[in-house]
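# Coordinate inspection notes
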Amino acid sequence: MKVLLVGNGGREHALARALVRTSTDQNPVELVVQAGNPGLEPLGRSVVFNPLDPQDVVFRATSENVDLVVVGPEAPLVAGVADAVLAHGIPVFGPTKAAAELEASKSFAKDVMIEAGVATARAYTCTTLDQVDAAFDDFAAPFVVKDDALAAGKGVVVSSDRETARAHAQACLTREDGKVVVEEFLDGPEVSLFCLSDGQNVVPLVPAQDFKRVADGNEGPNTGGMGAYSPLPWLREDAVDEIVRTVAQPTVDRMAQRGTPFVGLLYCGLAMTSRGIRVVEFNVRFGDPETQVVLERLDSPLGELLYAAATGALDSLPAPVWSSDAAVTVVMASGGYPGPTDTGHEISGISQAEALPGVHVIHAGTGETIVSDPADVAAGCCGFEPDVRLVNTGGRVLDVVGRGSSVEDARRTAYEGVALIHFDGEHHRSDIATWPEELNANRS
Ligand code: AMP
Ligand code: GLY
């Protein structure tokens, strides 16, 4: 099966790694990947295209004669890449533009949840500051303000300080067509559950937990995610079934009834509150960095699962098989992230980290620069080996993944890897895959 993978960040590196690792002799996966990620490129044939241009993706898919297109990030989906690929008769894992609204618009997601009877935070959609003030009066602190539009995980402010929350609302509303969702605060630990859907059937993957805030102890601003782990030993065993029954399946059913069936990955971001499970957000693609730990535990062929989802055949496959091992990933970020980042610094130590048993390193924001010796350049020299160096190019740079027989083991392994890798300005959290003792009591 020949697969075109759209996107070239850490999530796509993890997807490519899992597609190749779980590929079978009967149905080997051959990958065509988007150029630009030095970790991802060696896993397939790498080609240059614009992931946000549906016709460019179609051109790649047809000229490479692929059997399946897998879209990693949300932006190409929202730009209509799946629609364009489908119009050419090629199966695509990822929702149409209309179904991608579940992530692209927080207020659309709220409407669907209400129609489907899915439990979520009470919310007001506001277009003026007066409406925001009225919503704040209704909910009281802590205040939750979400930019209605896509914001790469950075559009949400949760603050007990009314002025901070109000300032965020104001900044969003001053944009043309600006809209915010103000909602009640949900207490309780968060869980990410990824569900494959073929438009009708739902197949859950294993749950993971993401660490959204930039600093230890969940301090500082929200990020795209600073680390993740799976399994969640504190989560009660029937939680996944309950989430499928009360959240994912009703949402997929409702999207089908609306005439916009959801095909692809429904990412359910949930809060396990004292009053029950509540949806914090939906995304329409694999989460980053949760994918790095979830897929590390998959023992079934990923390509077959994604193909079945794309072709309406999920019910023809056995349930995916999972390793009992745990996986932990720690994000190493550039100086300044999630604000303006300090990039261009040389990265060292990746091969030493990967030499440790149970460690691999996913590239999320790296690039290569060629450092020429000025003497060679002056001599117009040929035949010398170019000195290629790996540098940080993005906010989140590397995801160091550790695998072990327990979360504890996997965490130790991941941090041993992190300790060997360096670049100027680098920062990471040191408390990934830890949780408060009281959660252990929730299990029963
Ligand atoms: P979202 O983009 O909607 O996932 O929000 C990003 C993060 O903000 C979530 O993962 C939560 O940590 C936090 N958050 C969002 N909504 C709420 C809420 N209603 N109550 C508490 N925290 C929230
Ligand atoms: N890790 C959160 C996300 O992918 O949105």
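My aim in this report is to walk through the structure given alongside it, one point at a time. Note that the coordinates shown come from a computational prediction; the quantities given were computed from them, not determined experimentally.

## Side note on the packing of aromatic side chains
For the structure shown, the criterion picks out 7 aromatic pairs. Ring centres of Phe136 and Phe143 lie 4.6 Å apart, and the angle between their planes is 45°; on these two criteria the pair is classed as tilted. Since its relative accessible area comes to 6%, Phe143 is described here as buried. An aromatic cluster is built from Phe93, Phe194, Tyr267 and Phe286, whose rings are joined through pairwise contacts. Positioned over the ring face of Tyr267 is Arg285, at 5.8 Å from the centre of the ring.

## Let's talk about the site of ligand 1
Taken together, 14 residues lie near ligand 1, and Glu183, Leu186, Glu190, Lys212 and Glu281 sit nearest. At 2.9 Å from an oxygen atom of ligand 1 is found a side-chain nitrogen or oxygen belonging to Lys146. Take Glu183: an N or O atom from its side chain is 2.7 Å from a nitrogen atom of ligand 1. Within the complex, the protein chains bury 92% of what would otherwise be the 460 Å² of accessible surface of ligand 1. Among the elements of the structure, strand S7 (143–147), strand S8 (156–159) and strand S17 (276–283) are those that each provide at least two residues to the shell around ligand 1. Looking at the shell around ligand 1, its residues break down into 6 nonpolar, 1 polar and 7 charged.

## Brief notes about empty space enclosed by the protein
This model, assessed by the stated rule, comprises 3 cavities of 30 Å³ or more. Roughly 90 Å³ of volume is contained in the largest cavity. Considering the residues around the largest cavity, the lining is formed by Leu102, Glu103, Lys106, Ala109, Lys110, Met113, Lys146, Val181, Glu183, Val280, Glu281 and Phe282. The biggest single contributor to the lining of the largest cavity is helix H6 (residues 106–116), with 4 residues.

## Considerations on the site of ligand 2
The immediate surroundings of ligand 2 are formed by Asp210, Lys212, Gly224, Tyr267, Asn283, Arg285, Gly287, Asp288, Pro289 and Glu290. A distance of 2.8 Å is found between an oxygen atom of ligand 2 and a side-chain nitrogen or oxygen belonging to Arg285. Contact with the protein chains removes 91% of the 190 Å² of surface that ligand 2 exposes when unbound. Looking at side-chain class alone, the shell around ligand 2 contains 2 nonpolar, 3 polar and 5 charged residues.

## Quick look at the pairing of strand S1 (residues 2–6)
With respect to burial, S1 is a largely interior element, 5 of its 5 residues being buried. Alternating residues of S1 divide into Lys2, Leu4 and Val6 and Val3 and Leu5, and every residue in both groups is buried. Relative to strand S2 (residues 30–34), S1 runs parallel, the two being bridged by 4 bridges. Bridge pairing in S2 places Lys2 opposite Glu30. Between the parallel pair S1 and S2, the chain is carried across by helix H1 (residues 10–21), and the sense of this crossover is right-handed.

## Points about the environment of Ala134
Relative to the helices and strands, Ala134 resides in helix H7 (residues 129–139). As for Ala134 and Val182, which are separated by 48 residues in sequence, their C-alpha atoms are 9.9 Å apart.

## Thoughts on the pattern of salt bridges
Pairs may arise between side chains of opposite charge once their charged atoms sit close together. Using the criterion set out here, one finds 31 salt bridges in the structure. Put simply, Asp133 and Arg166 hold a salt bridge, and the shortest N to O gap is 3.0 Å. Of the two residues, Asp133 sits in helix H7 while Arg166 sits in helix H8 (residues 162–173), which places them 33 residues apart along the sequence. The buried category is assigned to Asp133, whose relative accessible area is 18%. Its salt-bridge partner being Glu296, residue Arg403 comes within 3.1 Å of it at the nearest N-O pair. Remark: Glu296 occurs in the loop between helix H10 (290–294) and helix H11 (302–310) and Arg403 occurs in strand S22 (residues 396–404); sequence separation between them is 107 residues. Here the salt bridges share partners, and the residues they tie into one network are Lys106, Glu190, Asp210, Lys212 and Glu281.

## Some points on the nonpolar core
Generally speaking, a soluble globular protein has its nonpolar side chains buried in company with each other. By size, the foremost hydrophobic cluster in this structure holds 75 residues, and its most contacted members are Leu4, Val69, Leu102, Phe282, Val328, Leu398 and Ile421. Of all the elements, helix H9 (residues 239–257) adds the most residues to this core, at 8 residues. In contact with Ile421, other than residues within four places in its own chain, are Met332, Ile347, Ser348, Gly349, Ile350, Ala353, Val361, Leu398 and Val400.

## Details of the sheet that holds S2
Taken in spatial order, the 5 strands line up as S3-S2-S1-S4-S5 in an open sheet, and their pairing is parallel. Every interior strand has two partners, whereas the edge strands, strand S3 (45–47) and strand S5 (92–93), have only one.

About the criteria used
Residues numbered from 1 in each chain as written. Chains lettered and ligands numbered in written order. Predicted model: local features only at pLDDT ≥ 70, side-chain atom pairs only at ≥ 80, totals over all residues. Heavy atoms only, no water. Phe/Tyr/Trp six-rings, centres within 6.5 Å; stacked < 30°, edge-to-face > 60°. Buried < 20%, exposed > 50% of the residue type's maximum accessible area, 1.4 Å probe, protein only. Lys NZ or Arg CZ within 6 Å of the ring centre and 35° of its normal. Near = heavy atom within 4 Å. Polar contact = N/O pair within 3.5 Å; in protein donor to acceptor, adjacent residues only side chain to side chain. Areas by Shrake-Rupley, 256 points an atom, 1.4 Å probe, with all protein chains shown as cover. Helix = DSSP H or I, 4+ residues; strand = E, 2+ residues; numbered from the N terminus. Nonpolar A, V, L, I, M, F, W, Y, C, P; charged D, E, K, R; others polar. 1 Å grid on protein atoms, 1.4 Å probe; cavity = no way out; pocket = protein on both sides within 12 Å on 5 of 7 lines; lining within 4 Å. Points joined across faces, edges and corners; volume = space filled by probe spheres on them. Pairing = 2+ DSSP bridges. Right-handed = clockwise from strand over helix to strand, strands pointing away. Salt bridge = Lys/Arg side-chain N within 4 Å of Asp/Glu carboxyl O. Core = buried A, V, L, I, M, F, W, Y, C linked by side-chain atoms within 4.5 Å. Contact = heavy atoms within 4.5 Å.

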